[in-house]
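Structural features, examined
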Amino acid sequence: MITVTKIWLTEDAVWIRTSEGKEACEYYADYPRLKYATPAQRSHYESDEYGIHWPDIDEDLSYEGFFQSKQRTDLYRIFMSHPELNASAVARRLGISQSLFAQYISGFKKPSQKRLEEIYATIRQIGKELMAV
């Protein structure tokens, strides 16, 4: 379990410091909701023993994720290329937890082939719905 003693925000990232003195950051550019959030929205966060939550923009970052190597999965590329897609809303449509879906996007967890096909089908359906507007 990671014990975080300090959280701070810079112009381009959120930083944490652990009780062991390790520091790590996550860049806003890697999270569309943080990237496009206002400074006021970014500064309004809550934290607990597991991570940081921004209620105004519905974003969550786990402390463990700060120290994981970053894999750029196809899902990651889709959501970075299309910030209009809301990962939380896609997760709700799929009936899976938002934190699990975030781990799929980040590459921390790998969805089964069946789940991946369901995710792509849901994203395509959203595209069809938008095209019908």
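The structure under discussion appears in the preceding block.
Note that the structure is a prediction, hence the values are computed from the model and not measured.

What follows deals with the overall build of the chain. Helix and strand counts for the chain come out as seven helices and six strands. Scaling as 2.2 N^0.38, a compact globule of 133 residues should have a C-alpha radius of gyration of about 14 Å, and the chain matches this with 15 Å. The dimensions of the chain, computed from C-alpha atoms along their principal axes, are 50 × 30 × 20 Å. Per-residue burial for the chain yields a buried fraction of 33% across its 133 residues. Of all intrachain contacts in the chain linking residues separated by at least 6 positions in sequence, the fraction that spans at least 24 positions is 44%. Summed over its atoms, the accessible surface of the chain is roughly 8100 Å², and 51% of this surface lies on carbon and sulfur atoms. Distance between charge centroids for the chain: 6 Å, based on 17 positive and 19 negative side chains.

Here we come to the packing of aromatic side chains. Counted under the stated rule, the structure contains three aromatic pairs. Between the aromatic rings of W8 and W15, the centroid separation amounts to 5.9 Å while the plane-to-plane angle is 10°, which identifies the pairing as stacked. Of the residues examined, W15 reaches a relative accessible area of 23% and is grouped as partly exposed. Taking 6.1 Å as the distance between ring centres and 55° as the angle between the ring planes, the aromatic pair formed by Y45 and W54 counts as tilted. Take Y45: its relative accessible area is 26%, and that puts it in the partly exposed class. For W54, a relative accessible area of 0% translates into the label buried. Over the ring of W8 we find K6; its NZ or CZ atom is 5.0 Å from the centre of that ring. Positioned over the ring face of Y28 is R42, at 4.1 Å from the centre of the ring.

Helix α6 (residues 98-106) packs onto helix α5 (residues 87-94) with a crossing angle of 115° between their chain directions and a minimal axis gap of 9 Å. As α5 runs across α6, the sense of the crossing is right-handed. Listed contacts from α6 to A87, S88, V90, A91, R92 and L94 of α5 are Q98, F101 and I105. The class makeup of the residues in the contact of α5 with α6 is six nonpolar, two polar and one charged.

Quick look at the sheet that holds strand β2 (residues 13-18) now. Across a sheet, paired strands are connected by hydrogen bonds in the backbone, their directions being either parallel or antiparallel. Spatially, β1-β2-β3 is the arrangement adopted by the three strands of the open sheet, whose pairing is antiparallel. Looking at the sheet topology across the chains shown, the edges are occupied by β1 (4-9) and β3 (23-27). Strand-to-strand, the axes of this sheet are offset by a mean angle of 20°, without reference to chain direction.

Criteria and thresholds
Residues numbered from 1 in each chain as written. Predicted model: local features only at pLDDT ≥ 70, side-chain atom pairs only at ≥ 80, totals over all residues. Heavy atoms only, no water. Helix = DSSP H or I, 4+ residues; strand = E, 2+ residues; numbered from the N terminus. Rg over C-alpha atoms; globule rule 2.2 N^0.38 Å. Buried < 20%, exposed > 50% of the residue type's maximum accessible area, 1.4 Å probe, protein only. Contact = heavy atoms within 4.5 Å. Areas by Shrake-Rupley, 256 points an atom, 1.4 Å probe, with all protein chains shown as cover. Lys, Arg positive; Asp, Glu negative; His and termini not counted. Charge placed at Lys NZ, Arg CZ, Asp CG, Glu CD. Phe/Tyr/Trp six-rings, centres within 6.5 Å; stacked < 30°, edge-to-face > 60°. Lys NZ or Arg CZ within 6 Å of the ring centre and 35° of its normal. Axes fitted to C-alpha atoms, helices over the stretch in contact; angles between N-to-C directions. Left-handed = near helix turned anticlockwise from the far one by under 90°. Nonpolar A, V, L, I, M, F, W, Y, C, P; charged D, E, K, R; others polar. Pairing = 2+ DSSP bridges.

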